[in-house]
Each structure stands twice: as structure tokens, then as C-alpha cells.
Amino acid sequence: MITADKLRLLTNMPPVMLTEGIRQSGYKKDKFETSEFLGMSNSNLFVYKVSYIEDNEFQECKVFVSYDSATGTLKVDY
């Protein structure tokens, strides 16, 4: 079960938290400037639109957050 508090966190993750998650997934230099929760994917992943700076310009992409309620762990990936 996902508690209400955990659901609030999973739908309001700030850029710094998503940056830390993506770095734990192996993308050591990636850094997000903004994040916006878009919704849930068909496979129950939390979907975020994030922006980052590349060549002095803002770029956007999506990242996906999975949550394992049995272990309480998060995984962030592209």
C-alpha cells in the first residue's frame, strides 16, 4: 500500500530529489533544473517532465519513478 504521505511525496518530487535519484541510477553528471509531475504511466510509474541545461539552453525530457512499497525504495530512470 502507498500511504497518503508517500503519495504526496511521489507526486511532488523537487528537481534536487530527482537529480539524486537519476545519479543513483548511473547518470552521474545529470542535473535537473525543474520538475513537473505529469501523471501515472500504464505500468504504474510516476512520470515527470524535467528540464536541464545543455549548451546554455534549457532542454526537456521525461523521467520515470518507480516505487517498491515492500522495500520502500525509489528508482528514477529515463
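Everything discussed here concerns the structure shown above.
Residues numbered from 1 in each chain as written. Predicted model: local features only at pLDDT ≥ 70, side-chain atom pairs only at ≥ 80, totals over all residues. Heavy atoms only, no water.

Draft legend 1. Representation of the pairing of strand 3 (residues 57-68) within the structure. Sheet topology places strand 2 (residues 46-54) next to strand 3; nine bridges connect them, and they run antiparallel. Bridge pairing in strand 3 links Tyr 52 to Gln 59. From the end of strand 2 to the start of strand 3, which pair antiparallel, there are two residues, and Asp 55 there has a positive phi angle of about 55°. Relative to strand 4 (residues 73-77), strand 3 runs antiparallel, the two being bridged by five bridges. From the neighbouring strand, Asp 68 faces strand 4, where its bridge partner is Thr 73. Linking two consecutive strands that pair antiparallel, namely strand 3 and strand 4, is a turn of four residues; a positive phi of about 75° is found at Gly 72 within it. (Pairing = 2+ DSSP bridges. Helix = DSSP H or I, 4+ residues; strand = E, 2+ residues; numbered from the N terminus.)

Draft legend 2. Region of interest: the packing of aromatic side chains. According to the stated counting rule, one finds four aromatic pairs in the structure shown. Taking the centre distance of 6.3 Å and the plane angle of 40° together, the rings of Phe 37 and Phe 46 count as tilted. By relative accessible area, which is 2% here, Phe 46 ends up buried. Taken together, the aromatic side chains of Tyr 27, Phe 32 and Tyr 78 make up a single cluster linked through ring pairs. (Phe/Tyr/Trp six-rings, centres within 6.5 Å; stacked < 30°, edge-to-face > 60°. Buried < 20%, exposed > 50% of the residue type's maximum accessible area, 1.4 Å probe, protein only.)

Geometric descriptors of this kind do not, in isolation, establish any biological role.
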